[in-house]
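Notes for the structure review
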Amino acid sequence: MTVQDSSQIVRLLQRRLHSLNDLHLTLKHVHWNVVGPHFIAVHEMLDPQVDQVRSMTDDLAERISTLGGEPKGTPGALVDERAWNDYSIGRADAIEHLGALDLVYTAVIKDHREAMQATETSDPVTQDMLIEQLRALELFQWFVRAHLESSGGVLSTRGATTESGAAGQAGEQARTQP
């Protein structure tokens with residue numbers, strides 16, 4: 001691998017590291033702030049996700065180091081370098097959090113998939129790691145969407161573009177069609 005390729009991959013992995021650090025903190029935030037009739041199901045569903053996402057961050061940081069980079073895992077670096085806003089939902093019904101989390105997962109998966117594709121030629125080892133992480137992230141989104149999807153395959157959050165909008169749509173659907 002060339003030094004230039006390695007540097008580009010390190011930058012790409014650092015963005016993924018920030019994203020997954022943010023995701024595991026967001027999942028824990030939801031775990032602490034979820035309420036309502038589906039509380040225990042969602043509360044218990046999230047801890048294994050938190051653990052796996054935290055493990056993914058360790059893999060990313062170690063790959064950055066392997067490639068000669070310096071992984072940045074501080075909160076300040078994450079906030080300074082991220083391209084997204086903080087998770088916007090506080091204490092809320094489980095279904096509302098799941099609606100918002102669906103959008104979070106969609107964004108994380110999209111960016112992870114782009115990183116995976118960007119490493120196809122230059123670093124198949126990194127690509128393999130990202131593929132494995134995508135497998136888990138997509139599974140977690142499926143778990144979330146199972147709570148939001150009708151038997152006909154329609155997501156209650158379809159068309160939502162903001163976390164609060166997705167949370168509102170999911171909550172409204174749950175109230176009108178339990």
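Our structure is the block above this text.
Residues numbered from 1 in each chain as written. Predicted model: local features only at pLDDT ≥ 70, side-chain atom pairs only at ≥ 80, totals over all residues. Heavy atoms only, no water.

**Here's the deal with the layout of surface pockets**
Rules: Only protein atoms enter the 1 Å grid used here. Points where a 1.4 Å probe fits but cannot escape make up a cavity, open sets with protein on both sides within 12 Å along at least five of seven lines make up a pocket, and a residue lines them when an atom lies within 4 Å of a point. Grid points are joined across faces, edges and corners, and a volume is the space filled by probe spheres set on the points. Secondary structure elements are defined from DSSP: runs of H or I of at least 4 residues count as helices, runs of E of at least 2 residues count as strands, and each element is numbered from the N terminus. Three classes are used: nonpolar for Ala, Val, Leu, Ile, Met, Phe, Trp, Tyr, Cys and Pro, charged for Asp, Glu, Lys and Arg, and polar for all others, with Gly counted as polar.
By volume, the largest pocket is sized at about 400 Å³. In terms of lining residues, the largest pocket is bounded by 19 residues, among which W84, N85, V104, A107 and E163 are the most central. Every element with two or more residues in the lining of the largest pocket is listed here: α1 (3-33) and α4 (94-118). Top element by residues in the lining of the largest pocket is α4. It accounts for five residues. Residue classes in the lining of the largest pocket are distributed as nine nonpolar, six polar and four charged. Roughly 320 Å³ of internal volume is contained in the second largest pocket. Lining the second largest pocket are 20 residues, with H38, I95, A170, Q173 and A174 sitting closest to its centre. Looking at the lining of the second largest pocket, the element that brings in the most residues is helix α6 (residues 163-176), giving five residues.

**Here's the deal with the packing of α1 against helix α2 (residues 39-66)**
Under the convention used in this document: Every axis in this analysis is a line fitted to C-alpha atoms, fitted for helices over the stretch in contact. Angles between the N-to-C directions lie between 0 and 180 degrees. Oblique is the label for any angle not covered by the other classes, which are roughly parallel (under 35 degrees), roughly antiparallel (over 145) and roughly perpendicular (65 to 115). Each crossing gets its hand from how the near helix is turned against the far one by less than a right angle, where anticlockwise is left-handed and clockwise is right-handed.
Where α1 meets α2, the closest approach of the two axes is 9 Å, and the angle between their N-to-C directions is 160 degrees. Between α1 and α2, the interaxial angle falls into the category roughly antiparallel. Between α1 and α2 lies a crossing whose hand is left-handed. Of the residues in the contact of α1 with α2, the class split is 14 nonpolar, seven polar and five charged.

**Side note on the packing of aromatic side chains**
Basically, it comes down to this: Under the pairing criterion, centres of Phe, Tyr and Trp rings, with the six-membered ring standing for Trp, must be within 6.5 Å; the plane angle then separates stacked pairs below 30 degrees from edge-to-face pairs above 60, leaving the rest tilted. For the exposure calls, accessible area comes from a 1.4 Å probe over protein chains only, and a residue counts as buried if that area is under 20% of its type's maximum, exposed if over 50%, partly exposed in between.
Using the criterion set out here, one finds three aromatic pairs in the structure. Relative to F140, the ring of Y105 has its centre 6.4 Å away and its plane inclined at 55 degrees; by these criteria the two rings are tilted. Linking Y105 in helix α4 with F140 in helix α5 (residues 124-146), this pair joins segments that are 35 residues apart in sequence. For Y105, a relative accessible area of 0% translates into the label buried. With 5.7 Å between their ring centres and 40 degrees between their planes, W142 and F143 make a pair best called tilted. Aromatic ring contacts, followed pair by pair, group Y105, F140, W142 and F143 into a single cluster.

**Some thoughts on the nonpolar core**
As a reminder, the rule being used: Nonpolar core, defined: a set of buried Ala, Val, Leu, Ile, Met, Phe, Trp, Tyr and Cys residues in which side-chain atoms within 4.5 Å join the residues together. In what follows, residue pairs with any heavy atoms lying within 4.5 Å of each other are defined as contacts.
The biggest cluster of nonpolar side chains holds 45 residues, and the ones touching the most others in it are L13, L20, L23, L27, L101, Y105 and L137. Tallying contributions element by element places α4 first for this core, with 11 residues. Leave out the neighbours within four places in its chain, and L101 touches T26, L27, V30, L46, Y87 and V144.

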